[in-house]
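Next come the chains, spelled out residue by residue.
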Amino acid sequence: MVRKIARGVLTVASSLATCCVLLVLLGLLTWLGTLEQTRTGLFEVQRKYFESFILFHDFGRFSIPLPGANLVMCLLAVNLAVGGFVRIRKSWATAGVIVTHVGIAMLLMSALVKHNWSSDGHVTLYEGQSADHFESYFRWELAVIEQLDGGRVREHLVPHERIEEAQRIPVSLNAADIPFTVQIESVSKNCRPERAQSTSAHGPVVIDGVKLVPREVDARAEANIAGACVSIFDEQTGTRRRALLWGAEAQPFTFVAAGKAWAVSLRKERYAMPFAIQLARFNKTEHPGTNMPRSFESEVQVASGSSSRDVKISMNEPLRDGGLVLYQASWGPSNARPGDRLFSTFAVVRNPADQWPLAACLVIAAGLLFHFVRKLTRYVKLEMRAA
Amino acid sequence: MRIDAPDEEDRVRELKWRCAAWGAVGACVIVSGCAPTPAAGTSHRIEQSRVVENSRIDFGSRATHAERFGLRGSSNALPPVDDAPAQQFKWTTPKGWTELAPATMRVANFKPAGDERAECYVTMLAGDAGGLTANINRWRGQLSLGPLSAAAIEALPRATLFGSQATLVEWQGKWQGMSGAEARDDWALTGLLLIEPAGSLFVKMTGPSATVAAEREAFLAFAASFGSGAQPTHTSESAASGFEFVTPATWRRAPDRASRALSFWAGDGEAVECYVTVLSGEAGGELANVNRWRGQLGLAPIAQTDLDQLDSITLCGRPAKIVDIDGASGSMIGVTCMNSTRSVFIKMTGPGELVRAQRSALLTFAASLQEAQ
């Protein structure tokens, strides 16, 4: 009885019909997710439709449960493994199909690696500026910064997860080489600074005549600007400082503790790049008679160690180096006048599986080519025999 | 008599129950008092740290919260250089309105009185930004209204903005927002459009109809007060200078001196001096000049790679390096613009704290400096 059930499950799991249903579901999710993106942001759609196991899609008044793309792809991987590798008949006749399945498995693997082990963000440079790190679009970090000599600083970094935790309860932070304790008293996911006279009983904290007023959280995660109220307690002197930190602040909060200069900043998470990039020049051309850009490209200098090279990054020609891909994303200021200094923004992706889809497509193409050529030659042979 | 005995037992039993109940309550109170409450928070060690070279943090700035957040109107505000357009304007904020930090595309940003959802902001775009008709009909689309004909647009009333007569629009409708994704009934838009071939200015107030109607006069007063915040552009009288520039509000001209095209005192008193020098050719090279400046403040020379790392701005239409030098006897900020035919140098010197306070003004001045036609 158990064997019978197991065999039935195995048959369904490995069937071509199951595969077709799953592929149709993937297509449906892509379509619905794309439509949803016109109402909410990319981040929210990604989370709801593609990183979930189950979701509820709103059709007018009704909410219909659907499997999330995460679940569908897991089932597709099982279907592929059982049907495409284990149960498939192994012979020269199916060799091309098996190779094609290997290519599809590589595609699924690249999606898994991208989802779990990639990081993405952006770097924005004015002409002449350089950077050796890029910033996340929506992950925040608290940096406790110690001034060293020669223009160097040591950054003690508190990750995004702690900032999120502080939205619920106060979070105290310390380290062996920091002579004070930082407590994140409160965090707002999206807020703006305003002038204020005094703190009301239930309103935001007012420090130095300024308060951070919470705003409705934007579905486009990158549009939110977080803020925090922190207190810095120096146990040696018994002094406590309070400060407001805002994600778009022009300068961090600075102070002196134990005879050293310190700063605290709330900012987007920063990731080090294995090279420095300097924007030498930004070029854009407009459609005649309009302000609409026809094309734009950045001339950059990529420096690593003692060597440097000149590279052009344009809309369809990214820079690939050191496991990173830098795409030309946007530019500004949008209201720049002729001769104004321009900036260029690059979308940066660190994806260990960046080139896997290309390899997977080549494997799939090879498998299909082998399969169809073999079919064709067999057909030609049969026709010749019949003749 | 048998009735009395159970009464006594009941009373004792009841007393025992009461004692037990109160004991349990007391124990709960004690236990809950000893246990950590969620509001007490959590504690973590900071695990990750790294050393970063060439930090741009000004540890000595002691900026106020308003200055750090870019809220204008504060004393000694140090707005970032990239917000230069916002500094070109001045206005009177209506009573009850809250000034917000400038945002992308918005050179001035407010929350009008009356409703949290209302907003008012000023946008400046290059050129005619698509023209009056296109912009008016784009705004009407945001309110779910159909386009207006050219004749209807021509008949729209006018109001003062930036010292000129701008087109005034006042509509109500269902707000769809800029993306078309919002849906807010009984919404209103009051706006002014000043469109010129060289540049266009838009002031737009949106919010619930009642709020927008109540703030109409404040809006018009604000628009009328909106004007240029910069000092008039001075064309140097000195034939040797040959520059056009905008003098920062806290600067004043110092007497001309030989070898200097322009001289200023920055801030109060004469402690901080700023001057422009023009030399033919590359004047010995950028690195040599920077190291000469460093030597004047008792600092060791730097290498070309260090110089290449410095920030740049546009000066006279060409890229120029910004050189910050802090020595024991004072500070210096220089801007070097090298050219094979003629090189321009701006140099500001004085006590460290005062020089740093004038840095933003110096960069604004440098950005405005143009060679006279």
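In this text the structure is predicted, and so the values were computed from the model without any measurement.

A. Region of interest: the pairing of strand β12 (residues 239-246) of chain A. All names here are of chain A. When strand β11 (residues 227-234) meets β12, the two strands line up antiparallel, connected through eight bridges. Opposite valine 230, over in β12, you have alanine 243 as the bridge partner. Linking β11 to β12, which pair antiparallel, is a turn of four residues; within it glycine 238 sits at a positive phi near 75°.

B. Just the interface of chain B and chain A, in detail. Listed per partner, the contact involves 54 residues of chain B and 65 residues of chain A. Taken together, the two surfaces of chain B and chain A that pack against each other cover about 5,000 Å², and 50% of this comes from carbon and sulfur. On the surface where chain B and chain A come into contact, there are three salt bridges. Across the pair arginine 50 of chain B and glutamate 155 of chain A runs a salt bridge whose closest N-O atoms are separated by 3.2 Å. For the interface between chain B and chain A, the tally reads 23 residue pairs in polar contact (both at pLDDT 80 or more). Elements with a minimum of two residues in the side of chain B that touches chain A: β1 (42-45), β2 (48-52), α2 (65-68), β4 (98-100), β6 (119-126) and β17 (312-315) of chain B. Among the elements that line the side of chain B that touches chain A, the one with the most residues is β2 of chain B, at five residues.

C. Up close: the sheet that holds strand β6 (residues 171-174) of chain A. An order of β12(A)-β11(A)-β7(A)-β6(A)-β1(B) is seen for the five strands of this open sheet, with the pairing classed as mixed. The sheet is open, and its two borders are formed by β12 of chain A together with β1 of chain B, each paired with just one other strand. On average, each strand axis in the sheet is inclined to that of its neighbour by 25°, with strand direction left out of account.

D. How the structure looks around helix α4 (residues 69-86) of chain A. All names here are of chain A. Here α4 spans 24 Å end to end across 18 residues, near enough to the 26 Å set by a 1.5 Å rise per residue. Burial in α4 covers these residues: Ala69, Asn70, Val72, Leu76, Asn79, Leu80, Val82, Gly83 and Gly84. On its buried face, α4 sits against α1 (2-14), α2 (16-37), α3 (42-50), β2 (62-67) and α5 (92-117).

E. Region of interest: the side chain of histidine 371 of chain A. Residues and elements named next belong to chain A. With respect to the element layout, histidine 371 can be found in helix α7 (residues 356-386). Using a relative accessible area of 16% as the deciding quantity, one classes histidine 371 as buried. Discounting chain neighbours no more than four positions away, the residues touching histidine 371 are Ala93, Gly96 and Val97.

F. View of the pairing of strand β18 (residues 324-332) of chain A. All names here are of chain A. Here strand β17 (residues 319-321) pairs with β18 via three bridges, running antiparallel. Bridging across to β18, leucine 319 finds its partner in leucine 326. Examined bridge by bridge, β18 and strand β19 (residues 343-350) share eight bridges and lie antiparallel to one another. In the strand pairing of β19, tyrosine 327 is matched with alanine 347.

G. Main features of the packing of α5 of chain A against α7 of chain A. Residue and element names in this part refer to chain A. Here α5 crosses α7 at 165°, and the two axes come no closer than 8 Å. Classified by the angle between their axes, α5 and α7 sit roughly antiparallel to one another. The handedness of the crossing between α5 and α7 comes out as left-handed. Partitioned by chemical class, the residues of the contact of α5 with α7 number 19 nonpolar, six polar and one charged.

H. Up close: the pattern of salt bridges. Under the criterion given, the structure shown has 22 salt bridges over all chains. Its salt-bridge partner being arginine 270 of chain A, residue glutamate 135 of chain A comes within 3.5 Å of it at the nearest N-O pair. Placement of glutamate 135 of chain A in strand β4 (residues 130-147) and of arginine 270 of chain A in strand β14 (residues 260-286) is noted, with a sequence separation of 135 residues between them. By relative accessible area, which is 24% here, arginine 270 of chain A ends up partly exposed. Each of Glu141, Glu155 and Arg267 of chain A together with Arg50 of chain B takes part in one network of salt bridges that share partners.

I. Broad picture of unusual backbone geometry. Non-glycine residue aspartate 208 of chain A carries a positive phi angle of around 60°. Note on placement: aspartate 208 of chain A falls in the loop between β9 (206-207) and β10 (210-214). Here aspartate 208 of chain A falls in the partly exposed class, since its relative accessible area comes to 46%. In this structure, serine 144 of chain B takes a positive phi of about 60° despite not being glycine. Among the structural elements, serine 144 of chain B can be located in the loop between α4 (132-142) and α5 (150-154). The exposure class assigned to serine 144 of chain B is partly exposed, which follows from its relative accessible area of 35%.

J. Structural context of helix α8 (residues 286-296) of chain B. All names here are of chain B. Taken residue by residue, α8 has Glu286, Asn289, Val290, Asn291, Trp293 and Arg294 as its buried positions. Taken together, the buried residues of α8 touch α9 (304-308), β18 (318-326), β19 (331-337) and β20 (342-350). Looking one or two residues past α8, glycine 298 carries a phi angle of roughly 75°, positive in sign.

K. Representation of the nonpolar core in the model. One finds Leu142, Phe180, Ile184, Phe255 and Leu266 of chain A to be the most contacted residues of the largest nonpolar core, which totals 39 residues. Broken down by secondary-structure element, the contributors of at least two residues to this core are β4, β6, β7 (181-188), β10, β11, β12, β13 (253-257) and β14 of chain A. In this view, leucine 266 of chain A contacts Trp140, Glu141, Leu142, Ile163, Ala226, Gly227, Ala228, Leu245, Trp246, Gly247 and Glu249 of chain A; residues no more than four positions away in its chain are not counted. Counting residues in hydrophobic clusters, the runner-up holds 28 residues, among them Ile313, Cys316, Ile346 and Ala361 of chain B.

L. Spatial organisation of the packing of aromatic side chains. Taken as a whole and judged by the stated rule, the model has 20 aromatic pairs over all chains. Plain terms: the ring middles of phenylalanine 180 of chain A and phenylalanine 255 of chain A are 5.3 Å apart, the flat faces sit at 70° to each other, and that makes the pair edge-to-face. Here phenylalanine 255 of chain A lies in strand β13 and phenylalanine 180 of chain A lies in the loop between β6 and β7, a separation of 75 residues in the sequence. Neither residue differs from the other here; phenylalanine 180 of chain A and phenylalanine 255 of chain A are each classed as buried. Measuring from centroid to centroid gives 5.8 Å for tryptophan 246 of chain A and phenylalanine 69 of chain B, while their planes differ by 70°, and the two rings are edge-to-face. Of this pair, tryptophan 246 of chain A sits in strand β12 while phenylalanine 69 of chain B sits in the loop between α2 and α3 (84-87), placing the two residues on different chains. On the basis of relative accessible area, tryptophan 246 of chain A is assigned to the buried category, the value being 4%. For phenylalanine 69 of chain B, a relative accessible area of 2% gives the class buried. Among the aromatic residues, those joined into a cluster by ring pairs are Phe180, Phe253, Phe255 and Trp262 of chain A. The ring of tryptophan 140 of chain A has lysine 268 of chain A sitting right over it, with the charged end atom 4.7 Å from the ring centre.

Quick notes on the rules
- Residues numbered from 1 in each chain as written.
- Chains lettered and ligands numbered in written order.
- Predicted model: local features only at pLDDT ≥ 70, side-chain atom pairs only at ≥ 80, totals over all residues.
- Heavy atoms only, no water.
- Pairing = 2+ DSSP bridges.
- Helix = DSSP H or I, 4+ residues; strand = E, 2+ residues; numbered from the N terminus.
- Contact = heavy atoms within 4.5 Å.
- Buried area = accessible area lost by both parts, 1.4 Å probe.
- Salt bridge = Lys/Arg side-chain N within 4 Å of Asp/Glu carboxyl O.
- Polar contact = N/O pair within 3.5 Å; in protein donor to acceptor, adjacent residues only side chain to side chain.
- Axes fitted to C-alpha atoms, helices over the stretch in contact; angles between N-to-C directions.
- Expected span 1.5 Å × (residues − 1).
- Buried < 20%, exposed > 50% of the residue type's maximum accessible area, 1.4 Å probe, protein only.
- Parallel < 35°, antiparallel > 145°, perpendicular 65-115°, else oblique.
- Left-handed = near helix turned anticlockwise from the far one by under 90°.
- Nonpolar A, V, L, I, M, F, W, Y, C, P; charged D, E, K, R; others polar.
- Core = buried A, V, L, I, M, F, W, Y, C linked by side-chain atoms within 4.5 Å.
- Phe/Tyr/Trp six-rings, centres within 6.5 Å; stacked < 30°, edge-to-face > 60°.
- Lys NZ or Arg CZ within 6 Å of the ring centre and 35° of its normal.

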